[in-house]
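# Observations on chain architecture
So the chains spell out like this:
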Amino acid sequence: MSDTITNGAAALDAAADEIRALRLRNWPAQVTRTVEYPAGTPAMVEHLRHWARLQPETVAIAFYGREVTYAEYDELSDRFAGLLAERGVRPGDAVGVYLGNCPQFAIAMLGILKLGAVHVPVNPLLKGRELHHELDDAGVGVLLAQTDLLDLVESVRPETPVHTVIATALGDMLGGTEPIADAPAPFDTAPDARSDWPLVLAAARAPERDSDPEALAALNYTGGTTGLPKGCEHTQRHMAYTAATATLATGTAVGDSAAVGLNFLPVFWIAGEDFGILKPLINGQTSVLMTRWDPAVAAALVARYAVTELVATVDNYVELMDLPGFDGAAFRSVVNPFAVSFVLKLTPELRARWRALTGGVLREASFGMTETHTADTFTLGFQDDDRDLTADPVFCGLPVPGTDILVVDADGAPVAVGETGEIVVRSESIMTAYHGRPDATAEAIRHGWLHTGDVGMIDDWGAVHYLARTKEMIKVNGMSVFPSEVEALLKAHPAIGSVSVVPRPDARKGQVPLAFVVGAGPVDVAELTAWARENMATYKVPDFVLVDALPMTATGKVRKGDLFERAARIAAEGESK
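The text that follows walks through the structure, step by step, so that each part is easy to find. These numbers come from a predicted model, not from an experiment. (Residues numbered from 1 in each chain as written. Predicted model: local features only at pLDDT ≥ 70, side-chain atom pairs only at ≥ 80, totals over all residues. Heavy atoms only, no water.)

## Here's the deal with the layout of surface pockets
- Here the second largest pocket defines a volume of roughly 160 Å³.
- Looking at the lining of the second largest pocket, the element that brings in the most residues is helix H1 (residues 2-25), giving three residues.
- Residue composition of the lining of the second largest pocket, grouped by class: five nonpolar, two polar and four charged. (1 Å grid on protein atoms, 1.4 Å probe; cavity = no way out; pocket = protein on both sides within 12 Å on 5 of 7 lines; lining within 4 Å. Points joined across faces, edges and corners; volume = space filled by probe spheres on them. Helix = DSSP H or I, 4+ residues; strand = E, 2+ residues; numbered from the N terminus. Nonpolar A, V, L, I, M, F, W, Y, C, P; charged D, E, K, R; others polar.)

## Quick notes on the environment of methionine 457
- On the secondary structure map, methionine 457 appears in strand S19 (residues 449-458).
- For methionine 457, a relative accessible area of 10% gives the class buried.
- Distance from methionine 457 to glycine 261, taken between C-alpha atoms, is 31 Å for residues 196 residues apart in sequence. (Buried < 20%, exposed > 50% of the residue type's maximum accessible area, 1.4 Å probe, protein only.)

## A word on the nonpolar core
- Tyr73, Leu320 and Leu490 are the most contacted members of the largest nonpolar core, which has 134 residues in total.
- The element contributing the most residues to this core is helix H4 (residues 103-115), with nine residues.
- Non-local contacts of tyrosine 73, meaning those with residues more than four positions away in its chain, are made with Leu48, Ala60, Ile61, Val68, Ala106, Ile107, Leu110, Ile277 and Leu281.
- By size, the runner-up hydrophobic cluster in this structure holds 25 residues, among which are Leu406, Val407, Val424 and Met431. (Core = buried A, V, L, I, M, F, W, Y, C linked by side-chain atoms within 4.5 Å. Contact = heavy atoms within 4.5 Å.)

## With respect to the packing of aromatic side chains
- Taken as a whole and judged by the stated rule, the model has 14 aromatic pairs.
- For the ring pair phenylalanine 382 and tryptophan 461, a centre distance of 5.8 Å and an interplane angle of 20° mean the geometry is stacked. Here tryptophan 461 lies in the loop between S19 and strand S20 (464-468) and phenylalanine 382 lies in the loop between strand S14 (377-378) and helix H13 (387-390), a separation of 79 residues in the sequence.
- Given the relative accessible area of 1%, phenylalanine 382 is considered buried.
- The side chain of lysine 230 reaches across the aromatic face of tyrosine 434, ending 4.8 Å from its centre.
- When the ring centre of tryptophan 461 is taken as origin, the NZ or CZ atom of arginine 387, which lies over that ring, is 4.3 Å away. (Phe/Tyr/Trp six-rings, centres within 6.5 Å; stacked < 30°, edge-to-face > 60°. Lys NZ or Arg CZ within 6 Å of the ring centre and 35° of its normal.)

Right, dumping it as structure tokens:
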């Protein structure tokens, strides 16, 4: 067995060396291959302190007219750390952050890291059983929660380890701020009596302590092909490496503070964390933060702050271009417009339209997943003659500096260039483990490589192509929904005997979950839908089809292929009506 393991690892190393040499022959001159850290260490806390000393008055976070400087960012996160320490939080303790996009999220995250505690971002769309699972699984003792989510928190808290809840309202940082007329905040900005934010402002600053870049720093939850979401264990090194390499992928050096990023991606989501918090922080840049997408507000903020970087879906770029009186000149500052193909795909025609209006070049963002801290590839340098878009879709580009990506067969052996198989990744940012799941960890990480479950290929440039996501995954407006998770939640309903969830094509959302249900007795679909809305995020709530039995194989497994076909027929029939 040991010889097999050794030989397997050696084969992967040899393949990685070969593909790396191929990539270097095609490496774009704009992208530096050396990863460095302005603060001298791969830790986010030290970078916040570095920039607070070096450029204290630079705006770190701009939020609907409220501008938080690096000095204030450092101070407020110190005070949040001090409040947590007063509430008994110690290094290694899990602290949850159950918020939408707002400056308090980033302040809390850095305060948690300053204590050496573990940051647990919690999706504010989670409901009942989903929320209970993550709080319980992570062992969250202290939770920072949005005021309008407090009732939901209290409904599950007695069954979780949460002993302390600190509340904040999305508008807590906007008091006394002059609103931006053409970019208003999309929430109530009146003071909320339930908020505990004044306690943060009054807390003593926590004493400074050095970071351990290798210590557990965050649990980022991801769906999976088996059961409820799993926590991916990440360190500050993972965060810093991702932030640094995502910077190099833009063609700029790490530590160049000139860039201004506009971010509306949810910062509880790891892509939003990377581009809305970590990348700006490691460089001392400004992050213009939005709570939710609005094309008119985004356009106003781009013009106001001379935004240089934007990550958005292709659909979002179309919405911008379709705005009445769209001012392409205001978008000439956006030198790095990254597109994510979910419902709409980036095409040469859309790229040409954007270029004609703004002078910029739209390009695909990157390949990645929560387990790798995402942002694993870059596409800069492959836009001449649209060769990135006319190659076999989806073109993901080259791995960022320090990352290796291979494609392997069902036995885990590397395949030849041009052949398809499973994408595997090795980098400084892959998770340490699935929290509390050694079996799942051993299955996912083999010989130091993360097995993604995604199908892809490597071309003769050494570039990665993403051919198909794991068939089980459903993408609803770009948000990942795993059928096994929805099935696990639905099985808690007493009326359900058995259930199988598959994707149904949807012209507006890309896909939606469709649940085929065998009842344990009479089933009321309306009641079942209402129950699902109380216990899972809205985008995960499936449509329901009642069936007498699920199609099964001779070995007792659900024939998902039959259900995929039936879901496609249901979608086609719906579109024809």
